[in-house]
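Commentary on secondary and tertiary structure
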Amino acid sequence: MKKTMNILLIAALCFTLSACSGEDNAQESKITESESRKATVQTSENAYSILNTVNFETGIPQETDRVQQSLSIDAQVQKILDEHTYTFETLKDSDIIVNAYGDSPLTALALFDTEEKCKVKVTVKGTSKNTDVSGTVDELSTTHRVPIVGLYAAKNNDVVIDLLDQNDKVISTRTFHVKTDPLPTTLDGAIKVYKHQVKSAYGLIEVSGFGTPYIYAFDEDGQIRWYLNEKYGCYGYYPLSGGKFIWMDGNDMIQTPEKPHSQNMYEADYLGRVYQIYYVQKGLHHEIIEKEEGGNLLVATSSLEGHFEETIQEIDRKTGQPVKTLTMNEIYGDTHVNQLDWAHINTISYYKEDDSLVVSTRNVHTVVKFNWTTNKIIWLLGDPSVWKDTSLSQYSLKPTGNDFDWQYQQHSAYLISEDLDSNPDTIEIGMFDNHWDDDAPIDSISDRPDSYVKFYSIDEKNKTISLLHEYASAKSRITSNWQADFNKKRVFSMCGYLKYRDQNDNMKGMMYEYDYDTEGVLNQWGSKYTYYRAYHFDIDLSACSKELKVKDNYFCGTVNAPKKEKQADIPEKVLESADVSYSILGNILKINAFDHSISKIEFVGKNNSYVLDLDYTGNGQKKFKKLSYNISCSFQNLEPDTYALVITYYKERINTGQTITVK
């Protein structure tokens, strides 16, 4: 058994290393055939889906994808269960596997058998009142894969495991001691408690994005109880149904006219197991959300046709292919298309009742509702002066009440399913009103010192709007969101980017929990780092307790690919810079380099030449010039030939010294 456990732990260690650097995990030996990746031409120009096998040979190291890494470790876990190694009575503290999958250090797995079928309840004991973290694996079974989530760092945690019968009666209990490593130093003191009057409606709150070094979750006492040991993309984490979440990759990016955007996203669970990989051709920003529970994904992307952060895609959940792509000038026209980031989409959501999308476009101070099939506008929520003298002014909602105040550069605008005003003829919407104006099409805004969570009532028939509630918080210049538990009468304001930090104890972010009715602050936490969003961290242990099963096409989506061009020569000069490296994942070539240092990727063969021109991504911003990441380029459309890899590096066309032979 010790040998089996060692194999598992070694596998977990390897996974941790690969999480830090995919290149370190690459194999240096020659590749004679890609693994189970598939390659067929996709219909969109200059982009290819990840579908069929391509045979190739190269000296470029190959990565193992994240799903395969998870499957390899999960097979070791399942082997322990299949061999019936432990019973509940014989399981020892040392038999519990901490961080089994390598990138979720404050989780563990307990594996054991019981004589009778039972459920399992797990409680990580907190260090103060209200900070226990509990969950139940609801399936009745005699074989148990029990996830433990919510451990403290650098502590020998008390973990209580209860066996429950079908009526949830406790039939046996044991307490285990699970030891964990310290937090990364950058997470020390990440959260500070400023006010804690009552038990929070949310036992744990997840935080990620912008300056936050890791995706993490903290408890009411400000203690971190979960984090993902991953390099993630700028906007971070998005909750899904079924006990899973998506995170944006921080290693594979696409160049844009401003900051680089994540090229792909991972669907995972809280143990760190990856189920699905999606590539999005022109990158991801601000929003990833399920269209409907378990359904397609709605993502914010970019056209990169002179503009960015102004495009929406619906992504097929099974194939990763775009179902529909829409740029916001198809909704708004060209009135305000006067800068690179003219729309700045930061919220997207779908409502089946009337087949509509609600979209927050920050830089025109407007939330728009429109039909997702016809693109017909239903209403515009925002200062009407933005759309004055245009054909869209007819859609602006009209306020009721003399003291109505519009939102400015808002975030997190979603319809509310609860009936907050007891009026069946209205709908409700909530948003985070940053109440900020930064070079956007408005003459002036009301001079108010705070940012606000606002709940509105909208009469769609009469095109009117009224304010129901307003919760004031410290001024948050950008990012930020709101959350609510209406059953518990609580509202949360997640202020991700404080403007006046000297007035807020030098905190860069703040979280408030309010009483819904009185609008008063009950609890308050400060963040050492800026962040994009914060969410209720709702753990589903049952989802994490099952054997990992993935789809055949788990590695999917759309990737940039080179176009066939006239035959080219191979430069004599060979690149010797240590700032450029190469790897292959399936049929995707990855070149790691500084932002915008590479403007062309060429495959120059004896009989064929292909070019991926990256000039369309603009020049980027100076502050990102020393940020390095992988640029992805599919080579699955190349005809059989031996190709020299040539790049235009800082405007010089140069031979990399690497070759790929497509068979």
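Above this text sits the structure in question.
Anyway, here's the lowdown on the structure attached to this text. (Residues numbered from 1 in each chain as written. Predicted model: local features only at pLDDT ≥ 70, side-chain atom pairs only at ≥ 80, totals over all residues. Heavy atoms only, no water.)

**What to know about unusual backbone geometry**
Phi is positive for threonine 479, which is not a glycine, with a value near 50°. Along the polypeptide, threonine 479 turns up in the loop between strand E29 (464-473) and strand E30 (481-485). Despite not being glycine, asparagine 506 shows a phi value in the positive range, around 60°. Following the sequence through the fold, asparagine 506 ends up in the loop between strand E31 (490-495) and strand E32 (509-515). (Helix = DSSP H or I, 4+ residues; strand = E, 2+ residues; numbered from the N terminus.)

**Remarks on the packing of aromatic side chains**
According to the stated counting rule, one finds 33 aromatic pairs in the structure shown. Judged by centre distance (6.4 Å) and plane angle (65°), the rings of phenylalanine 88 and phenylalanine 176 are edge-to-face. With phenylalanine 88 in the loop between helix H2 (66-82) and strand E4 (97-98) and phenylalanine 176 in strand E8 (residues 170-179), this residue pair connects regions lying 88 residues apart in the sequence. The two residues phenylalanine 88 and phenylalanine 176 agree in class, both being buried. Put simply, the rings of Phe455, Tyr471, Trp482, Phe486, Tyr512, Tyr514 and Tyr516 pair up and form one aromatic cluster. The lysine or arginine in question, arginine 174, covers the ring of phenylalanine 88, its NZ or CZ lying 6.0 Å from the ring centre. Taking NZ or CZ as reference, lysine 291 lies 4.6 Å from the ring centre of tyrosine 350, over its face. (Phe/Tyr/Trp six-rings, centres within 6.5 Å; stacked < 30°, edge-to-face > 60°. Buried < 20%, exposed > 50% of the residue type's maximum accessible area, 1.4 Å probe, protein only. Lys NZ or Arg CZ within 6 Å of the ring centre and 35° of its normal.)

**Quick word on the sheet that holds strand E25 (residues 398-399)**
Judged by pairing direction, the sheet is mixed, and its five strands sit side by side in the order E25-E29-E28-E27-E26 without closing on themselves. The sheet is open, and its two edges are formed by E25 and strand E26 (411-416), each paired on a single side. Both E26 and strand E27 (residues 427-433) contribute to a ladder of four bridges, which runs antiparallel. Residue pairing in the sheet places leucine 415 in a bridge with isoleucine 429 of E27. (Pairing = 2+ DSSP bridges.)

**Some thoughts on H2**
Taking 1.5 Å per residue as the helical rise, H2 with its 17 residues ought to reach 24 Å, and the 24 Å between its terminal C-alpha atoms agrees with that figure. Among the residues of H2, those classed as buried are Arg66, Val67, Gln69, Ser70, Ile73, Asp74, Gln76, Val77, Gln78, Ile80 and Leu81. If you check the start of H2, you find a side-chain oxygen 3.0 Å away from the backbone N of valine 67, and it comes from aspartate 65. With its phi angle positive at about 50°, histidine 84 sits one or two positions after the end of H2. (Expected span 1.5 Å × (residues − 1). Polar contact = N/O pair within 3.5 Å; in protein donor to acceptor, adjacent residues only side chain to side chain.)

**Considerations on the nonpolar core**
Of all hydrophobic cores here, the largest spans 94 residues; its most connected members are Phe112, Ile148, Ile205, Tyr216, Trp226, Met265 and Phe537. Non-local contacts of tryptophan 226, meaning those with residues more than four positions away in its chain, are made with Ser104, Leu106, Thr107, Val149, Ile215, Tyr216, Ala217, Phe245, Tyr270 and Phe537. Core analysis: the second largest hydrophobic core is formed by 59 residues, Trp342, Tyr395, Leu498 and Met510 among them. (Core = buried A, V, L, I, M, F, W, Y, C linked by side-chain atoms within 4.5 Å. Contact = heavy atoms within 4.5 Å.)

**Comments concerning the pattern of salt bridges**
Summed over all chains, the structure comprises 37 salt bridges. Linking aspartate 103 and arginine 66 is a salt bridge whose minimum nitrogen-to-oxygen distance equals 3.5 Å. Of this pair, aspartate 103 sits in the loop between E4 and strand E5 (107-124) while arginine 66 is found in helix H2, placing the two residues 37 residues apart along the sequence. In this structure, aspartate 103 and arginine 66 share a single accessibility class: buried. For the salt bridge of arginine 273 with aspartate 269, the shortest nitrogen-to-oxygen distance reads 2.9 Å. (Salt bridge = Lys/Arg side-chain N within 4 Å of Asp/Glu carboxyl O.)

**Section: the environment of glycine 150**
Note that glycine 150 resides in the loop between strand E6 (133-149) and strand E7 (156-164). For glycine 150, a relative accessible area of 0% translates into the label buried. Here the alpha-carbon distance between glycine 150 and alanine 217, two residues 67 residues apart in the chain, equals 8.7 Å. Beyond its immediate stretch of four places on either side in the chain, glycine 150 contacts Leu106, Val124, Val133 and Arg225.

**Some thoughts on the pairing of strand E22 (residues 356-361)**
In terms of burial, E22 is a largely internal element, six of the six residues being buried. Side chains Ser356, Val358 and Ser360 project from E22 onto one buried face, and the interleaved Leu357, Val359 and Thr361 project onto a second face that is buried too. Direction of pairing for strand E21 (residues 345-351) relative to E22: antiparallel, over a ladder of six bridges. For serine 349, the partnering residue across the bridge sits in E22 and is valine 358. Counted between consecutive antiparallel strands, the loop separating E21 from E22 contains four residues, among which aspartate 355 sits at a positive phi close to 50°. In this sheet, strand E23 (residues 366-371) lies alongside E22 in antiparallel orientation, the contact comprising six bridges. When the sheet's bridge partners are listed, serine 360 is paired in E23 with valine 367. Between the end of E22 and the start of E23, which pair antiparallel, lie four residues, with histidine 365 showing a positive phi angle near 50°.

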